[in-house]
Amino acid sequence: MPQAAAAQTLAHAVSDTVWFVLIGLLVLMAAGVVLVLLRLGRMLERARVESQSLQERVKSLRLVAALTEASDEAVAVKDLQGRWLLANRSACELLGKPVDQVLGRDDTALFPPEQAQAVLQATRRVLVQRRVMSGEEVLQTAQGTRVFHATRGPLFEDDGALLGSFAILRDITESKLDEARLHKLSMALEQGPAGMVITGLDGRIEYANAAFSRISGFSAQEVQGEIAAVLSPGATDPAVHAQAWEKLRSGLPWQGEYTLFRKNGDEYVEYAVISPISLGGSGPTHFVLVLEDVTDERRMSLELSRYRQELERLVRERTREADEACARAQAASEAKTAFLANMSHEIRTPLNAIIGVADLLRGSGATAAQTAHLQHITQAGRHLLGIVNDILDLSKIESGKVSSERVDFHLPTLLQELCSLMDEPARAKGLALSLDAAGVPAWLHGDPAHLRQALLNYLGNAVKFTQQGFVVLRARLVGQAQGALMLRFEVQDSGIGIEAPQLSRLFEAFEQADSSTTRPFGGTGLGLAITQRLVRLMGGEVGVVSTPGVGSTFWLTARFLPGRVAPPLDDGADALQEADPARALRERHAGKRVLVAEDNPVNCQVALAMLEGVGLVADTAFNGREAVDKARAAAYALVLMDMQMPVMDGLDATRALRALPGWASVPVLALTANAFQEDRLACLDAGMNGFISKPVEMDVLYRVLLHWLDATGGAQPPASLNT
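### Things to note about the environment of Glu-490
Counting through the fold element by element, Glu-490 comes out in strand S15 (residues 484-493). A relative accessible area of 18% places Glu-490 in the buried class. Here the alpha-carbon distance between Glu-490 and Gly-543, two residues 53 residues apart in the chain, equals 9.5 Å. When sequence neighbours within four positions are dropped, the list of residues in contact with Glu-490 reads Val-472, Leu-473, Arg-474, Thr-553, Phe-554 and Trp-555. Here Arg-488 takes part through its side chain, which lies 2.9 Å from a polar atom of the side chain of Glu-490.

This is the structure:
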């Protein structure tokens, strides 16, 4: 029993112990749970706080990211290997690439090689020095070359470890351009030659450039805050001053001159342009004064004015002297012209008698010997006439009284006529005269008379200086420009040729290849000089190629326009082509009355004989008054009127005839020794129908008479005595 009780007691003891142990364990476990729960609470609180902080950081990062993305400045973040981790919109636009082509790439993939190296060096520099750096960088971007203000720096962990780098780029290209423009403007203002002053609206100086100091002698510091002299009341006339301020206050510019004093007391004249400007606000805030020292200009202007007045006086004096000299020269020219006209008249008048009488004697049954003598007289007279014509032609050309006419003409006909004229002299010497004009235009518009005279001169010389062989007249078209034709004419001969020293002066007046007293060929030496001057009137040149003993080629060029085909000749023109004009006159106009007004008795007799030889009835008058009186008393089919006669000259007589009843259409022909063109024009202006130059050649006279008598039908005005 005791054992059982002991065992029971032991069992109770063990049971109590177990319960105690279990209770202890439960207490310990409860305490542990409490501790765990406390720790978990603290952990949860810390996690909640950290989560809230993280959310705030995320929110801040989002705000920073949004701010970065919206920024006009390029923002980039790179890791330590240089790979781009962040690039905002502006950075992507700078690179010209989308963000997915930027992130994860380094500078060598995003920039040109040289530029990439420069960017890498700038990044390494901030990483090595572990500080933020700023400066200007020039980068080649998608928008071209741009200038940036770059801020680069390192990024750190909380413990100070390097994470990477950042870059912020602000485009300052426009501001740099503005800065450069402002610098240029500042330099222009400061270094410009004109004085520049800026004042407030009260006229007090706020800025003055170096030119102002140079002009006035005052430094910018000395005038700072002072009223500008040009705006002060005493600077100019009060009325002008008031007008200037009135315009300036109205917002309008004003300009004018002032007389001011330099710092040293010297007086000077200043030209000012004052303009209101606005530096902000709705109205003017300042005045800009552009000042120029015009003292020297005004002094020079006064001197120039005096010089001009003196010059005008001298010009008036010289003009008066020039007018007097011109009047004397004009009088001398007119005297020369009158002298030449008189000499022409005085020489041609006896020549007319000599040649006319010789022609009459040849036709009046002269013997062969007498005919030969008469032919010599005629040749000598015509030679003398040629000399007179040459002198008159040269005189007219030198005095500018020869002009070039412009008519349509048939070139082949003109060239054939020239060859026909020289055919007999050439055949007399056994020379072969030929024409070569292949390929030239047939009709030209220009001056056929001068061309004929020039070529006839060449042909005459060629025949004269060639004893055997040939003479060739050539014509070629050598150029066309702006509707004009340039033709070249040549006369080649196999004559004696010309030595080289004589060629250079051959076209000078009074020059001959052989001027010795034993020269075998005659002539005045004027023909080639006249030819040269005539050719120049036609827009051409002359020249010669010659070899002594072989021959010469004289050439000329002339400018023409294309001509038009002329209409057929009328009946009057056909009369000029009459084969035998003398017989035609006898057949068609015999018995008609002709009045000859001529003051030279011999010429009068020659004219009567020529007229009576073709059956015309001729009356004579020895001056213009007598011719008019006879015209009143009798009817005439035609009048031959000398120009120079006593009592009344031929021009006044013709005017008087035209005033008579029935005389408006009667042909009046000038029978004149005056060879000047103005004399011929005077004849036409006086009412004459044409003219015949003295000495009169019988064939020419008959053709002209036939032309005018045929044209008028030989009608005569009714005789009217005492009208």
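Next, the rest of the story.
### Section: the packing of aromatic side chains
To describe a pair of aromatic rings, one takes the distance between the centres and the angle between the planes. Within the structure shown, the criterion is met by three aromatic pairs. Measuring from ring centre to ring centre gives 5.7 Å for Trp-245 and Phe-287, while their planes differ by 75°; the resulting arrangement is edge-to-face. With Trp-245 in helix H8 (residues 238-249) and Phe-287 in strand S10 (residues 286-293), the pair connects residues that are 42 residues apart, well separated along the chain. Exposure remark for Trp-245: the relative accessible area of 10% places this residue in the buried category. The exposure class of Phe-287 is buried, given its relative accessible area of 3%. Judged by centre distance (5.9 Å) and plane angle (70°), the rings of Phe-409 and Phe-560 are edge-to-face. In this pair, Phe-409 is assigned in strand S11 (residues 407-410) and Phe-560 in strand S17 (residues 551-562), connecting sequence segments 151 residues apart. On the basis of relative accessibility, which here comes to 1%, the residue Phe-560 falls in the buried class.

### What about the pattern of salt bridges?
Inspection of every chain in the model, using the stated rule, returns 33 salt bridges. The closest approach of N and O atoms between Arg-170 and Glu-73, which form a salt bridge, is 3.5 Å. Taken as a pair, Arg-170 in strand S5 (residues 162-171) and Glu-73 in the loop between helix H1 (2-70) and strand S1 (74-79) lie far apart in primary sequence, 97 residues in all. The class for Arg-170 is partly exposed, based on a relative accessible area of 39%.

### Describing the pairing of strand S13 (residues 443-446)
Residues of S13 alternate between two faces, with Leu-444 and Gly-446 buried on one and Trp-443 and His-445 left unburied on the opposite face. Alignment of S11 against S13, held across four bridges, turns out to be antiparallel. When the sheet's bridge partners are listed, Asp-408 is paired in S13 with His-445. In terms of strand pairing, S13 meets S17 through two bridges, oriented antiparallel. Following the sheet pairing, Leu-444 is matched in S17 by Pro-562.

### Let's talk about the pairing of strand S20 (residues 638-641)
Residues Leu-638 and Leu-640 point to one face of S20 and Val-639 and Met-641 to the other, with burial holding for every one of them. When strand S18 (residues 593-597) meets S20, the two strands line up parallel, connected through four bridges. Its bridge partner lying in S20, Ala-597 is registered against Met-641. Where S20 and strand S21 (residues 668-672) come together, three bridges link them in parallel fashion. When the sheet's bridge partners are listed, Met-641 is paired in S21 with Ala-670. For the crossover from S20 across helix H19 (residues 650-658) to S21, the handedness is right-handed.

### Topic: the nonpolar core
With 37 residues, the main nonpolar core has Leu-411, Leu-415, Leu-451, Phe-489 and Leu-556 as its most contacted residues. Secondary-structure elements contributing two or more residues to this core are helix H11 (411-428), helix H12 (448-464), strand S14 (470-481), S15, helix H14 (527-537), strand S16 (542-547) and S17. Excluding residues within four positions of it along the chain, Phe-489 makes contact with Leu-411, Leu-415, Leu-451, Leu-455, Arg-474, Ala-475, Phe-554, Trp-555, Leu-556 and Phe-560.

### Notes on a nonpolar patch on the surface
Side chains of Val-33, Val-36, Leu-37, Leu-40 and Met-43 sit close together on the surface and give an oily, nonpolar patch of about 440 Å² of accessible area. Within the secondary structure, Val-36 is located in helix H1. We classify Val-36 as partly exposed; its relative accessible area is 46%.

### Description of the packing of helix H18 (residues 624-633) against H19
Across the interface, H18 lies against H19 with an axial gap of 9 Å and an inter-helix angle of 20°. Between H18 and H19, the crossing angle belongs to the class labelled roughly parallel. Judged by the twist between their axes, the crossing of H18 over H19 is right-handed. Taking contact as the criterion, the partners of Gly-624, Ala-627, Val-628 and Ala-631 in H18 are, on H19, Ala-653, Ala-656 and Leu-657. Among the residues forming the contact of H18 with H19, the class breakdown is six nonpolar, one polar and no charged.

### Examining the sheet that holds strand S3 (residues 133-141)
Read from one edge of the open sheet, five strands run S2-S1-S5-S4-S3, paired in antiparallel fashion. Two strands bound the open sheet, and with one partner strand each, they are strand S2 (84-87) and S3. Across the sheet, the axes of successive neighbouring strands diverge by a mean angle of 25°, strand direction being ignored. Looking at chain direction, S1 and S5 are connected through six bridges and run antiparallel. Across the sheet, Asp-79 pairs through a bridge with Gly-164, a residue of S5. Contacting S1, S3, strand S4 (144-156) and S5, helix H4 (residues 113-129) crosses the sheet at an angle of about 160° to S3.

How each quantity is defined
Residues numbered from 1 in each chain as written. Predicted model: local features only at pLDDT ≥ 70, side-chain atom pairs only at ≥ 80, totals over all residues. Heavy atoms only, no water. Helix = DSSP H or I, 4+ residues; strand = E, 2+ residues; numbered from the N terminus. Buried < 20%, exposed > 50% of the residue type's maximum accessible area, 1.4 Å probe, protein only. Contact = heavy atoms within 4.5 Å. Polar contact = N/O pair within 3.5 Å; in protein donor to acceptor, adjacent residues only side chain to side chain. Phe/Tyr/Trp six-rings, centres within 6.5 Å; stacked < 30°, edge-to-face > 60°. Salt bridge = Lys/Arg side-chain N within 4 Å of Asp/Glu carboxyl O. Pairing = 2+ DSSP bridges. Right-handed = clockwise from strand over helix to strand, strands pointing away. Core = buried A, V, L, I, M, F, W, Y, C linked by side-chain atoms within 4.5 Å. Patch = residues over 30% accessible without salt bridge, like charges linked within 9 Å, V, L, I, M, F, W, Y side chains within 5 Å. Areas by Shrake-Rupley, 256 points an atom, 1.4 Å probe, with all protein chains shown as cover. Axes fitted to C-alpha atoms, helices over the stretch in contact; angles between N-to-C directions. Parallel < 35°, antiparallel > 145°, perpendicular 65-115°, else oblique. Left-handed = near helix turned anticlockwise from the far one by under 90°. Nonpolar A, V, L, I, M, F, W, Y, C, P; charged D, E, K, R; others polar.

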